[in-house]
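Structural features, examined
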Amino acid sequence: MDEKQVAPEAEPKGKFPYRLGFGLLFGLLGWLVPYLGVNSTLLPAKIQQIAPDQKVQIVAVLATIAMVVATVANIIEGALSDRTVSRWGKRNPWIVLGMFTTLICFYFLTKVTTITGIIVNWSLFQVALNLMVAPIVAFIADKAPKKYRGSISAFYGVGMNIGTPVGTMIASQYITRISSGIYVFMVFEVIFTVIGLLLVGDGSNKGEKVKKLKGSELLEAFIFPIHGDVRDFYLAVFGKLLFVSAQFVITGYQLYIFVDYMKLSSANATANLSIMSMILLITGVSFAILGGPLADKFHSLKLLVAVSTVAMGLGVAIPAIDPAPWTMFVYAGLSGAAMGMYNSVDQALNVSVLPNPDNAAKDLGIVNLANSLGQVFGPICASIIIGAIGYRMMFPAAGIMCLVGAILILMIKKVK
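The structure contained in this document is the topic of the report that follows. All figures in this text were calculated on a predicted structure; none of them were measured in a lab. (Residues numbered from 1 in each chain as written. Predicted model: local features only at pLDDT ≥ 70, side-chain atom pairs only at ≥ 80, totals over all residues. Heavy atoms only, no water.)

Thoughts on the overall build of the chain
The line we're drawing: Secondary structure is summarised from DSSP: a helix means a run of H or I of at least four residues, a strand means a run of E of at least two, and numbering begins at the N terminus for each. The classification of residues rests on relative accessible area computed with a 1.4 Å probe and restricted to protein chains. Under 20% of the type maximum is buried, over 50% is exposed, and intermediate values are partly exposed. All accessible areas in this document rest on Shrake-Rupley with a 1.4 Å probe, and a residue is counted as covered only by the protein chains that are shown.
Within the chain, the secondary structure is distributed over 15 helices and zero strands. Each of the 416 residues in the chain was classed as buried or not, and the buried ones make up 62%. For the chain, the accessible surface area stands at approximately 16,200 Å², while carbon and sulfur atoms represent 69% of it.

Set out below in structure tokens:
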């Protein structure tokens with residue numbers, strides 16, 4: 001029996017693969033918490049220090065550039081991971097390279113003092129970050145037994161719901177000490193990423209045969225999928241994009257919502273960000289734990305994702321009612337529950353609609369590119385609305401995004 005056959009069996013046959021689940025959880029937190037903490041709070045705070053009068057527009061420009069860079073990087077890096085053969089496995093080399101290069105970008109982010117420097121640094125960071133994103137999620141397709149796919153996805157979902165509030169809670173303590181906050185996130189990234197890789201235990205795949213690609217096959221390995229059952233695949237991609245975009249209409253501007261829309265001081269904004277993050281954490285993790293096992297038991301992936309998207313739509317629309325902190329707390333409760341349920345089953349849905357398992361990391365990277373693009377597209381939409389008619393109308397706009405996203409998910413035919 002060769003190494004390729006042995007490596008995926010992290011647990012005895014029939015036993016739930018806990019090591020894989022916790023490895024995914026820690027590996028995800030390794031990049032997600034630092035990224036979201038910096039992206040949603042410390043980066044806007046640094047921009048506010050450098051160019052307070054143009055901060056909304058700069059965040060939108062930065063997001064647009066990052067979106068383009070992340071799109072290209074995710075596809076290429078995911079495809080390279082799929083075709084890697086090494087003594088360390090096909091995923092580990094890229095994840096470790098991504099960890100080191102993101103740390104370098106974080107370090108230089110503490111040193112830049114111009115908007116141009118921030119834009120260049122954050123663009124390079126997107127390239128580095130996606131070296132980790134696509135390979136980590138591909139472990140689900142590589143190693144998770146089909147009957148446990150929903151529950152393994154739930155570990156990833158728990159991580160997604162821990163990532164946003166924990167990143168914000170940590171970052172909110174360093175709004176006036178931005179460089180110190182970034183250093184804290186760098187240490188966090190190293191510890192959690194290493195723990196994740198050790199738990200997953202992805203071994204050598206040197207015995208694996210990789211088919212040589214020529215012509216159209218080579219091209220398709222590095223582009224968006226065009227063959228196979230791509231209809232359901234793209235419905236999942238765009239449904240996810242709208243869900244995440246709606247979330248980041250608020251998340252991308254949450255500091256400015258408290259300060260500019262609700263007219264709070266920086267100190268009060270920090271306190272309310274912490275409360276909101278705690279609500280997101282509690283509701284998100286609670287519902288994430290429930291989602292995966294429910295999906296495995298009732299085989300209702302599509303319905304759970306669609307209902308969660310509608311719940312998110314209700315949550316993001318609430319702050320339009322009143323420019324007061326209580327509306328953000330209600331948003332946090334509803335959206336936290338929605339994100340918990342959604343993220344716990346989303347990866348299982350994504351794996352189920354893959355058009356070609358041989359391109360798992362690349363195609364899952366494209367689906368999960370909706371995370372990166374949504375984190376960019378949401379702030380861009382918010383910036384346009386804020387500039388044209390003010391903060392209030394961006395909340396119902398986010399609600400409409402979710403409604404359309406739920407319709408797209410329900411149109412998927414391959415998954416119940």
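On we go from here.
Quick notes on the nonpolar core
Formally: The definition of a nonpolar core used throughout is a set of buried Ala, Val, Leu, Ile, Met, Phe, Trp, Tyr and Cys residues joined through side-chain atoms within 4.5 Å.
Among the nonpolar cores identified, the biggest contains 129 residues, and W31, W122 and I257 are the most heavily contacted of them. Top contributing element to this core by residue count: helix α2 (residues 18-50), with 15 residues. Judged by nonpolar contacts, the second largest core, of five residues, contains A70, L369, A370 and L373.

With respect to a nonpolar patch on the surface
Defined as follows: The patches reported here contain residues having more than 30% relative accessible area and no salt bridge. Joining distances are 9 Å for like charges and 5 Å for nonpolar side chains (Val, Leu, Ile, Met, Phe, Trp, Tyr). When a carboxyl oxygen of Asp or Glu is within 4 Å of a side-chain nitrogen of Lys or Arg, the pair counts as a salt bridge.
On the surface, a cluster of nonpolar side chains totalling about 530 Å² of accessible area is made up of V310, L314, I321, W326, V330 and L334. The set of elements that each furnish at least two residues to the nonpolar patch consists of α12 (301-317) and α13 (325-352). The element best represented in the nonpolar patch is α13, accounting for three residues. Tracing the sequence through the fold places L314 in helix α12.

With respect to the pattern of salt bridges
In the structure shown here, the tally under the stated rule is two salt bridges. Among the ionic pairs, D232 bridges to R231, the shortest N-O distance being 3.0 Å. Judged by relative accessible area, R231 falls into the partly exposed class, the value being 37%.

Concerning the side chain of S308
To keep things clear, this is the line we draw: By the criterion applied in these results, polar contacts are pairs of N or O atoms within 3.5 Å in which, for protein atoms, one can donate a hydrogen and the other can accept it, and in which residues neighboring in sequence qualify only through two side-chain atoms. Contacts are assigned to residue pairs with any non-hydrogen atoms lying within 4.5 Å of each other.
As for its placement among the helices and strands, S308 is situated in helix α12. We classify S308 as buried; its relative accessible area is 4%. Engagement of the side chain of S308 in a polar contact is seen with the backbone oxygen of L304, the distance being 2.7 Å. When residues no more than four places from it in sequence are discounted, the contact partners of S308 are F243, A338, M341 and Y342.

Topic: the environment of L264
Among the secondary structure elements, L264 is positioned in the loop between α10 (254-261) and α11 (266-298). Taking the relative accessible area as the measure of exposure, L264 reaches 18% and is therefore buried. With 60 residues separating them along the chain, L264 and A324 place their C-alpha atoms 9.2 Å apart. Beyond its immediate stretch of four places on either side in the chain, L264 contacts F258, V259, A269, N272 and P325.

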